[in-house]
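Summary of the model geometry
Take a look at the letters that make up each chain.
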Amino acid sequence: MRLALAASLASLFAIGCTDDGPPIDNGETYDCTRETRADEFSVGIMKTGTAFDFAITSAAPAPPARGDNTWMVQITAKGGGAALVGGALMAKPFMPDHQHGSPIQAMATDMGGGAYEISPINLWMPGLWETTITATSGATTDQAVFRFCIPN
Ligand SMILES: [Cu+2]
């Protein structure tokens, strides 16, 4: 019984395993050098949605790491337009390979001038995390997805 559970857990965490090496994802560590879907973190990394530009202007820790993360996000109108002042922000981390999120709800604080501090972005497990940031202003809602690989 215990062995069967261990075997099924092992197969669960073997997602991403290939024949040419050890598993990329064993639940304890994740081989980010073999992950091709992740964004490479850099200060100022920006994604563009349909209405807004989303830039991570600082991250603690940097690059994003396992556990609680705090990001400062700058929202401007798409194409380098005006700062989104007084918007509402949300962040939702999700692991696509395991189809789960984080039990901890991130909160956004409006820092003024289109800057929003989002914390805690809880990336509790090694692997690829997709964090969707949603910005809303009046009737306009837009999203950007940042994909970071957490090695261990
Ligand atoms: Cu997971």
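Residues numbered from 1 in each chain as written. Predicted model: local features only at pLDDT ≥ 70, side-chain atom pairs only at ≥ 80, totals over all residues. Heavy atoms only, no water.

**So, the confidence of the model for the protein**
Across the protein, the average pLDDT comes to 89, with 85% of residues at 70 or higher. Contacts of residues 1-12 to residues separated by more than four positions or lying in other chains number 0 contacts, the stretch itself having pLDDT below 50. (pLDDT = per-residue confidence, 0-100. Contact = heavy atoms within 4.5 Å.)

**So, the sheet that holds strand E4 (residues 88-95)**
Consider a sheet: its strands pair through backbone hydrogen bonds, and that pairing is either parallel or antiparallel. What the 4 strands build is an open sheet, ordered E5-E4-E8-E9; its pairing is antiparallel. One side of each edge strand has no neighbouring strand; the edge strands of this open sheet are strand E5 (100-101) and strand E9 (140-150). Inspection of the sheet shows strand E8 (residues 127-137) paired to E9 by 11 bridges, in the antiparallel sense. Within the sheet, the bridge partner assigned to glutamate 130 lies in E9 and is arginine 147. (Pairing = 2+ DSSP bridges. Helix = DSSP H or I, 4+ residues; strand = E, 2+ residues; numbered from the N terminus.)

**Things to note about the coordination of the copper ion**
Protein-derived ligands of the copper ion are Met95 (SD), His98 (ND1), His100 (NE2) and Met125 (SD), with the metal-ligand distances lying across 2.0 to 2.4 Å. Coordination at the copper ion is tetrahedral: its 4 donor atoms span angles of 100 to 125° at the metal. For the copper ion, all donor residues lie on one chain, and their spacing in sequence is M-x2-H-x1-H-x24-M. Neither residue differs from the other here; methionine 95 and histidine 98 are each classed as buried. (Donors = N, O, S within 2.8 Å, 3.2 Å for Na, K, Ca; no water. Tetrahedral: all angles 85-135°; square planar, octahedral: opposite > 155°, others 65-115°. Buried < 20%, exposed > 50% of the residue type's maximum accessible area, 1.4 Å probe, protein only.)

**A look at the sheet that holds strand E7 (residues 115-123)**
In space, the 5 strands of this open sheet follow the order E1-E2-E3-E7-E6, with antiparallel pairing throughout. The sheet terminates laterally at strand E1 (46-48) and strand E6 (107-112), the two strands that pair on one side only. Across the sheet, the axes of successive neighbouring strands diverge by a mean angle of 25°, strand direction being ignored. As paired strands, strand E2 (residues 52-60) and strand E3 (residues 67-77) are joined by 8 bridges and run antiparallel to one another. Residue alanine 60 lies in a different strand from E3, and its bridge partner there is threonine 70. (Axes fitted to C-alpha atoms, helices over the stretch in contact; angles between N-to-C directions.)

**Remarks on the pairing of E6**
Note: E6 against E7, 5 bridges, orientation antiparallel. Residue pairing across strands places alanine 108 opposite isoleucine 118, the latter belonging to E7. Between E6 and the antiparallel strand that follows it, E7, lie 2 residues; glycine 113 among them carries a positive phi value of about 65°.

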